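Coordinate analysis (summary)
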Amino acid sequence: GRITGEAPEIARVILRRIGATHIEPVVTEFGSLIPGLKAGRFDVIAAGMYITPERAEEINFSNPTYAIGEAFLVARGNPLGLHSFEDVATADSARLGVMGGSVEHGYAKRLGIPDDRIVLFPDYPSGLAGLRTGRIDALAATLLTANDLLAKTSGNDIERAQPFRDPVIDGKAARGYGAFGFRKKDTALLEAFKRELAEFLGTPEHWELVAKFGF
């Protein structure tokens, strides 16, 4: 009955510090976050969203709260030997599951995986179900998300592909930086949020708050 996670919990702390007295969580699919923000359905994106140039054209971002690499979840034994996005691109029959609107979808397209072998899911539980039923051969997520899904999954039919190579974009291994999103016009809110966030990150209170989520 409580909306939680790394970003929602940090948001509660920072918003209260800047004077918010009522914080109302709004649950939506990841792909609807930026449209929902721009339409005024909510005022802050608190979902660990990666900063990307494309997203920064539509919204403003706070300072990052974490940096992390990628991972694949696969059927036990990794039947197709998928250890990178590039492996999926070169395996003619491999199908990759990604969350709609996620940076992993962008990685898949940039690295040459054809659209007919990219399967979009609204959330990770449905992606995990797709992996189990054979609809996809690998599910792409951040390393933290992959570990969290495995910890909450019963049975031993799913594993993390190891070793794993992060996608190489423009000659560099991609690393995601998660942050909070704001409407372009809400500059005063963004600046107040950023000031408090800079003071909060790295404090004992911050570490205690996010440790339970695997950070």
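Please read all numbers here as calculations on a predicted model, not as lab measurements.

**Focus: helix α1 (residues 6-17)**
For α1, with 12 residues, the first-to-last C-alpha span of 17 Å sits near the 16 Å given by 1.5 Å per residue. Counting buried positions along α1 yields 10 of 12 residues, so the element is predominantly enclosed. Every buried residue of α1 is listed here: E6, A7, P8, E9, I10, A11, R12, V13, I14 and L15. Packing partners of the buried residues in α1 comprise β1 (45-50), β3 (66-68), β11 (176-182), α8 (187-200) and α9 (204-211).

**Here's the deal with the packing of α1 against α8**
For the pair α1 and α8, interaxial distance at closest approach is 9 Å and the crossing angle is 120°. Between α1 and α8, the crossing angle belongs to the class labelled oblique. Here α1 runs over α8; the crossing is right-handed. Residue-level contacts link I10, A11, V13, I14, L15 and R17 of α1 to F193, E196, L197 and F200 of α8. Classifying every residue of the contact of α1 with α8 gives 8 nonpolar, no polar and 2 charged.

**Notes on the layout of surface pockets**
One number sums up the size of the second largest pocket: a volume of about 580 Å³. Looking at the second largest pocket, it is lined by 25 residues, and the ones nearest its centre are T52, P53, E54, V103 and G106. Of all elements in the fold, only α2 (33-38), β1, α3 (53-56), α5 (103-110) and β11 reach the threshold of two or more residues within the lining of the second largest pocket. Among the elements that line the lining of the second largest pocket, the one with the most residues is α5, at 5 residues.

**Considerations on the nonpolar core**
Membership of the largest hydrophobic core comes to 25 residues, with the highest contact counts inside it found for F72, F85, V88, L96, Y107 and I113. Contributions of two or more residues to this core are made by β3, β4 (70-75), α4 (85-90), β5 (96-99), α5 and β7 (138-142). Among residues more than four places away in sequence, those in contact with I113 are F85, V88, A89, L96, A108 and I118.

**Notes on the pairing of strand β6 (residues 118-121)**
For β5 and β6, the ladder comprises 4 bridges, and the chain directions are parallel. By the bridge assignment, V98 is partnered in β6 with L120. Handedness of the β-α-β unit built from β5, α5 and β6 comes out right-handed.

About the thresholds
Residues numbered from 1 in each chain as written. Predicted model: local features only at pLDDT ≥ 70, side-chain atom pairs only at ≥ 80, totals over all residues. Heavy atoms only, no water. Helix = DSSP H or I, 4+ residues; strand = E, 2+ residues; numbered from the N terminus. Expected span 1.5 Å × (residues − 1). Buried < 20%, exposed > 50% of the residue type's maximum accessible area, 1.4 Å probe, protein only. Contact = heavy atoms within 4.5 Å. Axes fitted to C-alpha atoms, helices over the stretch in contact; angles between N-to-C directions. Parallel < 35°, antiparallel > 145°, perpendicular 65-115°, else oblique. Left-handed = near helix turned anticlockwise from the far one by under 90°. Nonpolar A, V, L, I, M, F, W, Y, C, P; charged D, E, K, R; others polar. 1 Å grid on protein atoms, 1.4 Å probe; cavity = no way out; pocket = protein on both sides within 12 Å on 5 of 7 lines; lining within 4 Å. Points joined across faces, edges and corners; volume = space filled by probe spheres on them. Core = buried A, V, L, I, M, F, W, Y, C linked by side-chain atoms within 4.5 Å. Pairing = 2+ DSSP bridges. Right-handed = clockwise from strand over helix to strand, strands pointing away.

That is the geometry; function is a separate question.
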